[in-house]
Amino acid sequence: MPVINSIAARKEEMTAWRRDLHAHPELGFEEVRTSGIVAEKLASWGIEVHRGLAKTGVVGVLKGRTDSGRTIGLRADMDCLPMEELNDFAHKSTMPGKMHACGHDGHTTMLLGAAQYLAETRNFDGTVHFIFQPAEEGGGGGDVMVREGLFDRFPCDEVYGLHNWPLLPAGIVGVRPGPMMAAADMFDIRIRGVGGHAAIPQTAKDPVVIAAQLVGALQTLVSRNTNPMDSAVLSITQIHTGTTHNVIPDEAYLNGTVRTFRPEVQEMIVAGIRRIADGIAAAFGVSIDVDYQYGYPATVNHAGQAETAAQVAEKVVGEGNVQRDVEPSLGGEDFAYLLNARPGAYLFLGQARAAGDTMVHNPHYDFNDEVLPIGASLLATLVETQLKAG
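The sections below set out a description of the structure shown in this document. (Residues numbered from 1 in each chain as written. Predicted model: local features only at pLDDT ≥ 70, side-chain atom pairs only at ≥ 80, totals over all residues. Heavy atoms only, no water.)

### Notes on the overall build of the protein chain
Thought 1: Helix and strand content of the protein chain: eleven helices and 16 strands.
Thought 2: A principal-axis box enclosing the C-alpha atoms of the protein chain has dimensions of 80 × 45 × 40 Å.
Thought 3: Pairs at least 24 residues apart make up 81% of the contacts formed inside the protein chain by residues separated by at least 6 positions.
Thought 4: Total accessible area on the protein chain is roughly 15800 Å²; 53% of this is exposed by carbon and sulfur atoms. (Helix = DSSP H or I, 4+ residues; strand = E, 2+ residues; numbered from the N terminus. Contact = heavy atoms within 4.5 Å. Areas by Shrake-Rupley, 256 points an atom, 1.4 Å probe, with all protein chains shown as cover.)

Here it is in structure tokens:
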């Protein structure tokens, strides 16, 4: 079964929705216009609409022709990124400093396309919950929805989501059991030294030199403490210190990110950062404070649902266009919170127009509208497969 014909026939309509959303991006928990459009469209198709979870979240409830009591959840994120768009096409962002640079406009549109089709056909047995989530980009909207009772109010036997993926050609679907995306943590380190004259360094405890030692030592947590068969990233992304040429400053500040797939590796790195900071502080006779902040957990697919998603994808795009062992990403994704609460799977939907196509989070990025019918068909077919009518 290829792309669903009636969904394919609405490609231009879906493209118009997507481009309208792209032109009017909204940040996390501020998706008032976007959620309003979503709610209005769902209601117009006869779908029961619930609003207010995680402030701007929307959940649509649709029952099939028969109701066995089985349930499935489909999720799309709605928020944009706080960055300036550098495209010059007609649907570029009209909101300064805000841009749909990660394709959430496309995700929302594909779930709307699936909802419209399923509302018309209702060729399934049970209930589908369409979950339109705010604040994926750092706000943890998925976590907020779960904590505010998402699955208590809208039970889901399993839950699925997908992300456009410019690293795969358009129409290729990637999935795998186990980790799909990484835990995304942050840390801040403050070195409290002793300032002084740059020409008389023996009277100071130079935080600049100490920061340099710390940066190099922290890299060994990945290169010499992590099993090479595991994946991990520790990146120092900021160093701030000093004011002029001839003054040794009192303090230096560093921050960065840690990405891991396995909790054991994550905790090894957390402990290692603190151990190295304490050791360097003792060696130089200074104080080093570490503030480690756990971010999104790893997005880990359940094996059964990953296989289901792969089989369904093969129906839509063909067996040769599904990568069952797609390379996971060290990017973070708060769909992890939904997968920690319910069985499910997260998929990558290829959207690259050509090799080296613009990656997400780039000011020149734009969602590829050619894959809208593919994503919508994939989501709809998941429902019709998992809630197959007798």
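There is more to say, and it comes next.
### Re the packing of helix H7 (residues 207-223) against helix H8 (residues 263-284)
Thought 1: Packing of H7 against H8 brings their axes to within 10 Å, and their N-to-C directions diverge by 150°. By the angle between their axes, H7 is roughly antiparallel relative to H8. Helix-helix and strand crossings are classified by hand; for H7 and H8 the assignment is right-handed. Contacts between H7 and H8 pair Ile210, Gln213, Leu214, Ala217, Leu218, Thr220 and Leu221 from the former with Met268, Ile269, Gly272, Ile273, Arg275, Ile276, Ala277, Ile280 and Phe284 from the latter.
Thought 2: Residues belonging to the contact of H7 with H8 are distributed by class as follows: twelve nonpolar, three polar and one charged. (Axes fitted to C-alpha atoms, helices over the stretch in contact; angles between N-to-C directions. Parallel < 35°, antiparallel > 145°, perpendicular 65-115°, else oblique. Left-handed = near helix turned anticlockwise from the far one by under 90°. Nonpolar A, V, L, I, M, F, W, Y, C, P; charged D, E, K, R; others polar.)

### A short note on the pattern of salt bridges
Thought 1: The full count for this structure, using the stated rule, is 24 salt bridges.
Thought 2: The closest approach of N and O atoms between Glu370 and Lys11, which form a salt bridge, is 3.1 Å. Of this pair, Glu370 sits in the loop between strand S16 (344-352) and helix H11 (372-386) while Lys11 sits in helix H2 (residues 11-23), and the two are 359 residues apart along the sequence.
Thought 3: Linking Arg262 and Glu264 is a salt bridge whose minimum nitrogen-to-oxygen distance equals 2.5 Å.
Thought 4: We classify Arg262 as partly exposed; its relative accessible area is 35%.
Thought 5: Through salt bridges with shared partners, a single network forms among Arg18, Arg19, Asp105, Asp366 and Asp369. (Salt bridge = Lys/Arg side-chain N within 4 Å of Asp/Glu carboxyl O. Buried < 20%, exposed > 50% of the residue type's maximum accessible area, 1.4 Å probe, protein only.)

### Concerning the nonpolar core
Thought 1: One finds Leu42, Phe130 and Phe132 to be the most contacted residues of the largest nonpolar core, which totals 60 residues.
Thought 2: When near neighbours in sequence (up to four residues on either side) are disregarded, Leu42 contacts Ile47, Val49, Val58, Gly60, Leu112, Ala115 and Phe132.
Thought 3: Core analysis: the second largest hydrophobic core is formed by 25 residues, Ile210, Val258, Val270 and Ile276 among them. (Core = buried A, V, L, I, M, F, W, Y, C linked by side-chain atoms within 4.5 Å.)

### Quick word on the sheet that holds strand S15 (residues 322-323)
Thought 1: Taken in spatial order, the eight strands line up as S1-S2-S4-S3-S5-S16-S6-S15 in an open sheet, and their pairing is mixed. If you trace the sheet from one side to the other, it starts and ends with strand S1 (48-51) and S15, each paired once.
Thought 2: Packed on one face of the sheet, helix H4 (residues 104-121) meets strand S2 (58-63), strand S3 (66-77), strand S4 (125-133), strand S5 (159-169) and S16 and runs near 160° to S3.
Thought 3: Running at roughly 155° to S3, H11 makes contact with S3, S4, S5, strand S6 (173-174) and S16 of the sheet. (Pairing = 2+ DSSP bridges.)

### Thoughts on the pairing of S16
Thought 1: The element S16 is extensively covered by neighbouring structure, given that nine of its nine residues are classed as buried.
Thought 2: Burial along S16 is two-sided: the residues Gly344, Tyr346, Phe348, Gly350 and Ala352 and Ala345, Leu347, Leu349 and Gln351 are all buried.
Thought 3: By the bridge criterion, eight bridges tie S5 to S16 in an arrangement that is parallel. By the bridge assignment for S16, His163 is matched with Phe348.
Thought 4: Direction of pairing for S6 relative to S16: antiparallel, over a ladder of two bridges.

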